[in-house]
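# A closer look at the structure
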Amino acid sequence: MDCCGHEGPGGGDAKFEIHKVADGVWAAVAAPAFKVNCNTAIIENSDGVMVVDTHSKPSAARVIVDKLRDITKKPVRYVVNTHFHWDHWHGNEVYPAAYPDAEIVTNQITREAMLMKGLKRIQDHVRQVPAEIAKLKADLAAAANATQRAKLETDLRLAEAYLAEVRALKPALPTIAFEGTMKLYRRDREIHLLHLGRAHTAGDVFVYLPKEKVVITGDAMIGWTPFMGDGYPEDWAGTLDRLAQLDFTHIIMGHGNVAGREWLVTFRSYVHDVVEAVRQEAATGATLDEVKQRVSAKLAPRYEKPFSAYGDYRPWRTGVLANIERTFAMVS
Ligand SMILES: [Zn+2]
C-alpha cells in the first residue's frame, strides 16, 4: 500500500467528475493526467448498469465501481469498449470481478484489434515504461525549480503506478462481439451500439441513446487534438457526417468535457481540413517537413484556440504535426 493518503477509494489515483447528462445517464469525466484515462459513460437501466470504457488501468476502473455504489445499487451488466486502445480497456478485468454476470461488449473489428494489437502493446508497455521512468527521474534530478519538480514528481508517481498495474494486468477480452449494429431494448430505454465507418480506429463503436438524445463517441471525438496514429483521416469526416445524421444534443467523448453539437462541427471540419490541406500540398510534391510547416501554419488561425481548451495538456501544436504526418503517410 502506498503511504500518502491522497489516493481515491480502492487505492486508485485516477480522478473523475461525475456529470448527469440525462435521466439515468452520467458522464464520469477523467481529469487530465500524465498516463491518460478515458471518460466513462454510465447508463442505469431497469435491470442493471451499462458502463462505456474502462480506462488505462484496473485501479481507475475501481474508482468508478466505488462511485457507482453512490449512484445505484444495481449491478453492472454490460461493459462496452469503444475501441482497442489501452486507455479504454485495460480496466476491463475489474467488472467481471466485481459483478460476475457482467458481459464485455464490442464489435468484431475491435475485439480482433485487441487480440492482434492490444495484447502485444501491453507487453510493449511493460518493456517501455521503465525507460520512461528513468527519463522522468533524470529530468527530476535536473529540474530547475519547485514547480517543475512538483510536476515531474507527480508524473513519476503516475508512471510507476501504471507500470506496476500493467505488469499485473489480466486482460479481459470482450465476451460478446457484434457485427454492424447491436441494439438493446430495456424496459426504460433503447441503447444502440453502432459502427459508422472508420475514424479513430477501424472499429470505433458509438453508443447512441435515441430517447435521451445522447451519443458516446469514444475517441472518434475528443476535447483536444485527436490521436490519428491508428486512424483513418480520409474516412474520419465521412464517419462523423453519419454521426451528425443522428438526433442528439449531448456528446460524451472519449476525453474532455461533455460537448454539444457545435463541437462536432468544429472537430469534423478540423479533420476534413487537415486531409484537404495535406492532399493539396502532397500533390505539389512537397516533402513531409514542408507539408508539416505549411499545413500547421494554414490551420493554426482557425483551430489552435478551440483545440487548446485544456491548456498545455496535449498541445495542439504537437498534435497537429502528428496528425499531418499520419495523413501524409495515408494519402501518399
Ligand atoms: Zn484511442
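Residues numbered from 1 in each chain as written. Predicted model: local features only at pLDDT ≥ 70, side-chain atom pairs only at ≥ 80, totals over all residues. Heavy atoms only, no water.

### Quick look at the pattern of salt bridges
- Counting across every chain of the model gives 24 salt bridges.
- With a shortest N-O distance of 2.8 Å, Lys35 and Glu132 are connected by a salt bridge. With a gap of 97 residues between them, Lys35 in the loop between strand S2 (25-30) and strand S3 (40-45) and Glu132 in helix H4 (residues 108-141) connect regions that are remote in the sequence.
- Across the pair Arg69 and Asp66 runs a salt bridge, and its minimum N-O distance is 3.8 Å. On the criterion of helical spacing, the pair formed by Arg69 and Asp66 is a turn pair, its members being three residues apart in helix H1 (residues 58-71).
- Taking relative accessible area as the criterion, Arg69 reaches 51% and is therefore assigned exposed.
- Taken together, the shared-partner salt bridges connect Asp47, Arg77 and Arg186 into one network. (Salt bridge = Lys/Arg side-chain N within 4 Å of Asp/Glu carboxyl O. Helix = DSSP H or I, 4+ residues; strand = E, 2+ residues; numbered from the N terminus. Buried < 20%, exposed > 50% of the residue type's maximum accessible area, 1.4 Å probe, protein only.)

### Describing the sheet that holds strand S1 (residues 16-22)
- The seven strands lie next to each other as S1-S2-S3-S4-S5-S6-S7, forming an open sheet whose pairing is mixed. Every other strand in the sheet has two partners, leaving S1 and strand S7 (176-178) as the edge strands with one partner each. Across the sheet, the axes of successive neighbouring strands diverge by a mean angle of 20°, strand direction being ignored.
- Two strands pair when backbone bridges link them, and strand S4 (residues 48-52) and strand S5 (residues 76-80) are joined in this way by four bridges, in the parallel orientation. Within S5, the residue paired with Val49 across the bridge is Val76.
- In this fold H1 packs onto S1, S2, S3, S4 and S5, with an angle of close to 50° to the strand it touches most, S1.
- Running over the sheet, H4 touches strand S6 (103-107) and S7 and is turned about 105° from S6. (Pairing = 2+ DSSP bridges. Axes fitted to C-alpha atoms, helices over the stretch in contact; angles between N-to-C directions. Contact = heavy atoms within 4.5 Å.)

### Remarks on the packing of aromatic side chains
- With the rule as written, the count across this model stands at ten aromatic pairs.
- One aromatic cluster is present, formed by Trp236, Trp263, Phe267, Tyr270, Tyr303 and Phe307 through successive ring pairs.
- Above the ring of Phe248, the side-chain terminus of Arg261 is found at 4.3 Å from the ring centroid. (Phe/Tyr/Trp six-rings, centres within 6.5 Å; stacked < 30°, edge-to-face > 60°. Lys NZ or Arg CZ within 6 Å of the ring centre and 35° of its normal.)

### Regarding the domain arrangement of the protein chain
- As far as domains go, the protein chain holds domain 1 (9-112 + 172-259), domain 2 (116-167) and domain 3 (266-331).
- Here the C-alpha centroids of domain 1 and domain 2 sit 26 Å apart.
- A combined buried area of about 1400 Å² lies between domain 1 and domain 2, and 64% of that area is made up of carbon and sulfur atoms.
- Sorting the residues of domain 1 by area buried against domain 2 places Phe34, Lys35 and Phe84 first, and these three jointly supply 39% of that buried surface.
- The interface formed by domain 1 and domain 2 contains two salt bridges.
- Across the contact surface, domain 1 and domain 2 share five residue pairs in polar contact (both at pLDDT 80 or more).
- Looking at the side of domain 1 that touches domain 2 residue by residue, the classes come out as six nonpolar, four polar and five charged. (Domains from an automatic or database assignment. Buried area = accessible area lost by both parts, 1.4 Å probe. Polar contact = N/O pair within 3.5 Å; in protein donor to acceptor, adjacent residues only side chain to side chain. Nonpolar A, V, L, I, M, F, W, Y, C, P; charged D, E, K, R; others polar.)

### Describing the coordination of the zinc ion
- The protein atoms that coordinate the zinc ion are His83 (NE2), His85 (ND1), His200 (NE2) and Asp219 (OD), at distances spanning 2.2 to 2.3 Å.
- For the zinc ion, the four donor atoms in the first shell make angles of 81 to 171° at the metal, a pattern classed as irregular.
- One chain supplies every donor for the zinc ion, spaced along it as H-x1-H-x114-H-x18-D. An identical accessibility class is assigned to His83 and His85; each is buried. (Donors = N, O, S within 2.8 Å, 3.2 Å for Na, K, Ca; no water. Tetrahedral: all angles 85-135°; square planar, octahedral: opposite > 155°, others 65-115°.)

### Observations regarding the pairing of strand S10 (residues 206-209)
- With burial as the criterion, each face of S10 is covered, one bearing Phe206 and Tyr208 and the other bearing Val207 and Leu209.
- The pairing of strand S9 (residues 190-194) with S10 spans three bridges and is classified as antiparallel. Across the sheet, residue Leu193 finds its bridge partner in S10, namely Val207.
- Note: S10 against strand S11 (residues 214-218), three bridges, orientation antiparallel. Residue pairing for S11: Leu209 is matched across the bridge by Val214.
- What sits between S10 and S11 in their antiparallel hairpin is a turn of four residues, with Lys213 showing a positive phi close to 55°.

### Regarding the side chain of Lys57
- Mapped onto the secondary structure, Lys57 falls in the loop between S4 and H1.
- Assessed through its relative accessible area of 2%, Lys57 is described here as buried.

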